[in-house]
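Listed here are the chains, written in short residue letters.
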Amino acid sequence: MYLNLTPKLINQIANNWEDPRKAEETQELIEAIVAELKKDYRAFQRKHSRISDEDVAHWEDLISDVTNPEFWYKFDHLLNFGFEY
């Protein structure tokens with residue numbers, strides 16, 4: 001099954017992270033996201049002969065962040081954030 005990271009899915013992950021009834025499904029989603037990010041990172045490495053420390057930090061931080069519930073809470077908050085400009 002192919003999923004896009006939509007506001008609805010982000011909200012679902014953020015709201016279900018600590019729900020014992022939905023924790024297993026949420027963890028499966030996180031594992032799938034991590035696996036896809038690692039796959040994308042490997043593809044990035046293959047395409048670039050030289051990878052900067054910043055690139056490595058970006059990918060490693062992103063992969064680490066998605067396993068942290070705070071990331072999803074913040075992401076969900078920002079998706080529903082409005083302001084005047």
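Up top is the structure.
Conventions and cut-offs
Residues numbered from 1 in each chain as written. Predicted model: local features only at pLDDT ≥ 70, side-chain atom pairs only at ≥ 80, totals over all residues. Heavy atoms only, no water. Core = buried A, V, L, I, M, F, W, Y, C linked by side-chain atoms within 4.5 Å. Buried < 20%, exposed > 50% of the residue type's maximum accessible area, 1.4 Å probe, protein only. Helix = DSSP H or I, 4+ residues; strand = E, 2+ residues; numbered from the N terminus. Contact = heavy atoms within 4.5 Å. Phe/Tyr/Trp six-rings, centres within 6.5 Å; stacked < 30°, edge-to-face > 60°. Axes fitted to C-alpha atoms, helices over the stretch in contact; angles between N-to-C directions. Parallel < 35°, antiparallel > 145°, perpendicular 65-115°, else oblique. Left-handed = near helix turned anticlockwise from the far one by under 90°. Nonpolar A, V, L, I, M, F, W, Y, C, P; charged D, E, K, R; others polar.

**Q** In this structure, what is going on with the nonpolar core? I would like to understand it.
**A** One recurring pattern in soluble globular proteins is that nonpolar side chains are buried together. Counting 16 residues, the largest nonpolar core has Ile13, Ile30, Ile33, Leu37, Val66 and Trp72 as the members making the most contacts within it. Of all the elements in the fold, those that place two or more residues in this core are helix 1 (7–16), helix 2 (23–47) and helix 3 (53–65). Counting residues per element, this core draws most heavily on helix 2, at 7 residues. Contacts of isoleucine 33, omitting those with residues within four sequence positions, involve Leu5, Ile13, Val66 and Trp72.

**Q** Teacher, can you tell me more about the packing of aromatic side chains here?
**A** For any pair of aromatic rings, the description consists of the separation of the ring centres together with the inter-plane angle of the planes. Going through the model one piece at a time under the given rule, you end up with 6 aromatic pairs. Arranged with centres 5.1 Å apart and planes meeting at 90°, the rings of phenylalanine 71 and tryptophan 72 form a pair that is edge-to-face. Residue tryptophan 72 is classed as buried on the basis of its relative accessible area, which comes to 0%. Taken together, the aromatic side chains of Tyr41, Phe44 and Trp59 make up a single cluster linked through ring pairs.

**Q** Help me out: how do you make sense of the packing of helix 1 against helix 2 in this one?
**A** A packed helix pair is summarised by two numbers, namely the angle formed by the two axes and the spacing between the axes. Interaxial distance between helix 1 and helix 2 falls to 9 Å at its minimum, and their mutual angle equals 130°. One way to sum up the angle between helix 1 and helix 2 is to call them oblique. Here the hand of the crossing between helix 1 and helix 2 comes out left-handed. Residues Leu9, Gln12, Ile13 and Asn16 of helix 1 pack against Ala23, Glu25, Thr26, Leu29, Ile30 and Ile33 of helix 2. Grouping the amino acids of the contact of helix 1 with helix 2 by side-chain chemistry returns 6 nonpolar, 3 polar and 1 charged.

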